[in-house]
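# A look at the structure
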Amino acid sequence: GPYEISRGFLPFNTTSIPENAEIISANLSFRVGNRFSNDSDNQDYIAVFQSTQQSSSTLTVTDYDECDMFDPVEAGRRNINQLSIGRNYINFNSTGISFITPGNWTKLCFRTGNDIMDITPNGEEWVAIYSSDHSNPIAWPKLHVTYLLP
């Protein structure tokens with residue numbers, strides 16, 4: 001049957017991190033409003049990637065393909081069924097740490113396993129994640145960065 005694929009874009013203002021900082025760890029926290037998966041193809045996860053969206057303040061239709069489309073390398077992932085309703089975390093691997101841009105904007109995005117692997121889902125799966133458009137800032141995604149200065 002028909003299906004749709006959505007992606008989430010997450011620009012973070014990391015200009016307050018000095019350009020000479022050494023990033024030693026990072027994670028993304030995000031609030032899940034609801035989630036569901038009965039897809040049995042082992043692609044029922046969400047992953048974080050680097051985005052190359054043009055603007056840090058607006059999103060356009062053409063940005064859809066700016067979520068690490070070619071040779072995707074993920075910062076980290078979580079199984080959809082292991083996400084709780086409320087605040088969740090994805091710890092970044094060394095690649096994800098390299099996505100953080102001290103002194104500038106860090107642009108990230110979410111993709112699902114079926115989207116990444118280009119596999120038609122054999123069931124239903126979705127995750128409702130609150131964005132920075134939500135009226136309550138407590139629900140907004142947050143990028144947590146630990147760094148050292150030389």
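Here the structure is shown first, and the text comes after it.
This text gives an overview of the structure that appears in the document.

Conventions we followed
- Residues numbered from 1 in each chain as written.
- Predicted model: local features only at pLDDT ≥ 70, side-chain atom pairs only at ≥ 80, totals over all residues.
- Heavy atoms only, no water.
- Pairing = 2+ DSSP bridges.
- Helix = DSSP H or I, 4+ residues; strand = E, 2+ residues; numbered from the N terminus.
- Axes fitted to C-alpha atoms, helices over the stretch in contact; angles between N-to-C directions.
- Buried < 20%, exposed > 50% of the residue type's maximum accessible area, 1.4 Å probe, protein only.
- Contact = heavy atoms within 4.5 Å.
- Lys, Arg positive; Asp, Glu negative; His and termini not counted.
- Salt bridge = Lys/Arg side-chain N within 4 Å of Asp/Glu carboxyl O.
- Polar contact = N/O pair within 3.5 Å; in protein donor to acceptor, adjacent residues only side chain to side chain.

### Looking at the sheet that holds strand β4 (residues 76-79)
In space, the 4 strands of this open sheet follow the order β1-β6-β3-β4, with antiparallel pairing throughout. Two strands lie at the open edges of the sheet, namely β1 (8-14) and β4, each paired on one side alone. Pairwise comparison of adjacent strand axes, ignoring direction, gives a mean angle of 20° for this sheet. As paired elements, β1 and strand β6 (residues 104-112) share 7 bridges and run antiparallel to each other. By the bridge assignment, Thr-14 is partnered in β6 with Asn-104.

### A look at the environment of Thr-58
Tracing the chain through its elements places Thr-58 in the loop between β3 (45-50) and β4. Overall, the relative accessible area of 47% leaves Thr-58 in the partly exposed class. Between the alpha carbons of Thr-58 and Ala-75 there is a distance of 23 Å; along the sequence they are 17 residues apart. Ignoring sequence-local partners within four residues, the contact set of Thr-58 consists of Gln-53 and Asp-63.

### Some thoughts on the side chain of Asp-44
In this fold, Asp-44 is placed in the loop between β2 (22-37) and β3. Arg-77 is the oppositely charged side chain nearest to the buried, salt-bridge-free Asp-44, at an N-O distance of 8.2 Å. A distance of 3.5 Å separates a polar atom in the side chain of Asp-44 from a polar atom in the side chain of Asn-81.

### A short note on the pattern of salt bridges
Working definition: two side chains of opposite charge can pair if their charged atoms are close together. A complete count under the given rule lists 3 salt bridges for this structure. One salt bridge connects Arg-77 with Glu-74, and the closest N-O pair in it is separated by 2.7 Å. By relative accessible area, which is 43% here, Arg-77 ends up partly exposed. Put simply, Arg-111 and Asp-115 hold a salt bridge, and the shortest N to O gap is 3.1 Å.

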